[in-house]
Amino acid sequence: MNSDAVLLLETVNFAAEKHRNQRRKDPEATPYINHPIGVARIISHEGGVADIEVLQAALLHDTVEDTDTSFAELESKFGPIVARIVQEVTDDKSLSKQDRKRQQVEHAAHCSRQAKVVKLADKLYNLRDLNRCTPSGWTAERVQEYFVWASEVVKGLRGTNYALEERLEELFRQRGVQL
Ligand SMILES: Nc1nc2c(ncn2[C@@H]2O[C@H](COP(=O)(O)OP(=O)(O)O)[C@@H](OP(=O)(O)OP(=O)(O)O)[C@H]2O)c(=O)[nH]1
Ligand SMILES: [Mn+2]
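The model shown is predicted, which means the values in this text are computed figures rather than measured ones.

(A) Up close: the pattern of salt bridges. Within this structure, the stated rule accounts for twelve salt bridges. Put simply, Asp68 and Lys18 hold a salt bridge, and the shortest N to O gap is 2.9 Å. Pair noted here: Asp68 is in the loop between helix H4 (63-66) and helix H5 (71-78) and Lys18 is in helix H1 (residues 3-18), with a separation of 50 residues, a long-range link. Judged by relative accessible area, which is 66%, Asp68 ranks as exposed. In this structure, the salt-bridge partner of Arg84 is Glu88, at a minimum N-O distance of 3.1 Å. Taken together, the residues span about one helical turn, with Arg84 and Glu88 both in helix H6 (residues 80-88) at a distance of four residues. For Glu88, a relative accessible area of 25% corresponds to the partly exposed category.

(B) Local environment of the site of ligand 1. Ligand 1 sits among 21 residues. The nearest are Lys25, Lys97, Lys101, Arg142 and Tyr146. At a separation of 3.2 Å, an oxygen atom of ligand 1 approaches a polar side-chain atom of Asp122. Elements with a minimum of two residues in the shell around ligand 1: helix H7 (97-107), helix H8 (113-132) and helix H9 (140-155). Per-element tally for the shell around ligand 1: the top contributor is H8, with five residues. Taken together, the residues of the shell around ligand 1 sort by class into six nonpolar, three polar and twelve charged.

(C) Here's a closer look at the side chain of Thr69. Within the secondary structure, Thr69 is located in the loop between H4 and H5. Within polar-contact distance, the side chain of Thr69 engages the side chain of Thr67 at 2.7 Å. If we skip the residues at most four places from it in the chain, Thr69 touches Phe14, Lys18, Thr63, Val64 and Leu74.

(D) Structural context of the UniProt feature "domain: HD" (unreviewed entry) in the protein. The feature "domain: HD" (unreviewed entry), as given by UniProt, occupies residues 32-127 in the numbering adopted here. Helix and strand shares over residues 32-127 are 72% and 0% respectively, and the end C-alpha atoms of the span are 16 Å apart.

(E) Representation of the nonpolar core. Formed by 47 residues in total, the largest nonpolar core has its most connected members in Ile43, Leu60, Leu74, Val118, Leu127, Phe147 and Phe172. Sort the elements by how many residues they give to this core and H8 lands first, with nine residues.

(F) Highlighting the packing of aromatic side chains. Enumeration over the complete set of coordinates arrives at three aromatic pairs. Seen from their ring centres, Phe14 and Phe78 are 5.2 Å apart, and the 80° between their planes marks the pair as edge-to-face. Taken together, the residues Phe14 in helix H1 and Phe78 in helix H5 connect sequence positions 64 residues apart. Residue classification places Phe78 among the buried positions, given a relative accessible area of 13%. Through successive ring pairs, a cluster of aromatic residues spans Trp138, Tyr146 and Trp149. Against the face of Trp149 rests Lys101, its NZ or CZ located 3.8 Å from the ring centre.

Cut-off values and rules
- Residues numbered from 1 in each chain as written.
- Chains lettered and ligands numbered in written order.
- Predicted model: local features only at pLDDT ≥ 70, side-chain atom pairs only at ≥ 80, totals over all residues.
- Heavy atoms only, no water.
- Salt bridge = Lys/Arg side-chain N within 4 Å of Asp/Glu carboxyl O.
- Helix = DSSP H or I, 4+ residues; strand = E, 2+ residues; numbered from the N terminus.
- Buried < 20%, exposed > 50% of the residue type's maximum accessible area, 1.4 Å probe, protein only.
- Near = heavy atom within 4 Å.
- Polar contact = N/O pair within 3.5 Å; in protein donor to acceptor, adjacent residues only side chain to side chain.
- Nonpolar A, V, L, I, M, F, W, Y, C, P; charged D, E, K, R; others polar.
- Contact = heavy atoms within 4.5 Å.
- UniProt positions renumbered as here; feature names shortened; annotations may be inferred.
- Core = buried A, V, L, I, M, F, W, Y, C linked by side-chain atoms within 4.5 Å.
- Phe/Tyr/Trp six-rings, centres within 6.5 Å; stacked < 30°, edge-to-face > 60°.
- Lys NZ or Arg CZ within 6 Å of the ring centre and 35° of its normal.

In structure tokens, the structure reads:
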């Protein structure tokens, strides 16, 4: 039995159940699970990273932030390393939105390499999604502000994965945003 394959299916199934009632903000209300699956896929397919714990953390990365999942639950099901990576990429929801955004910029450089890979792929997925279509209710200015803020976060993540950083740089360049 290929235990990595079994583990990944357990993880993606857990994430799918947790995000089952959630939709993306695009006009078609795409199932939310497309996002964590896409982030994990960017890491393996484009980043060339096959670290099972990083791929699991990518699949789980929004479960605590956006569903009823706790870190204790992740730790008991998937172990301390996966739970720690998810914790590193989870915003503190008790803070105001402005403080959360500022904290991401400040914390990026202090994350582990594993967490940095997840954060790079998360930003890459979301920026591509913004290029694909505008979330309901977002103005062009809000989209541009997200690019500018994301570039500030990505600055702290540099030196982690050349392929992902190159692709992010190209997206920022297209928007006239200096990294
Ligand atoms: N581009 C895009 N984003 C969508 C869509 N639907 C949901 N999102 C999520 O919205 C978040 C970005 O929107 P914001 O307004 O900045 O954040 P908010 O969720 O705190 O309101 C991202 O969260 P995140 O993954 O936690 O990442 P981050 O905000 O920490 O970078 C992203 O995954 C969509 O259709 N397009
Ligand atoms: Mn995300």
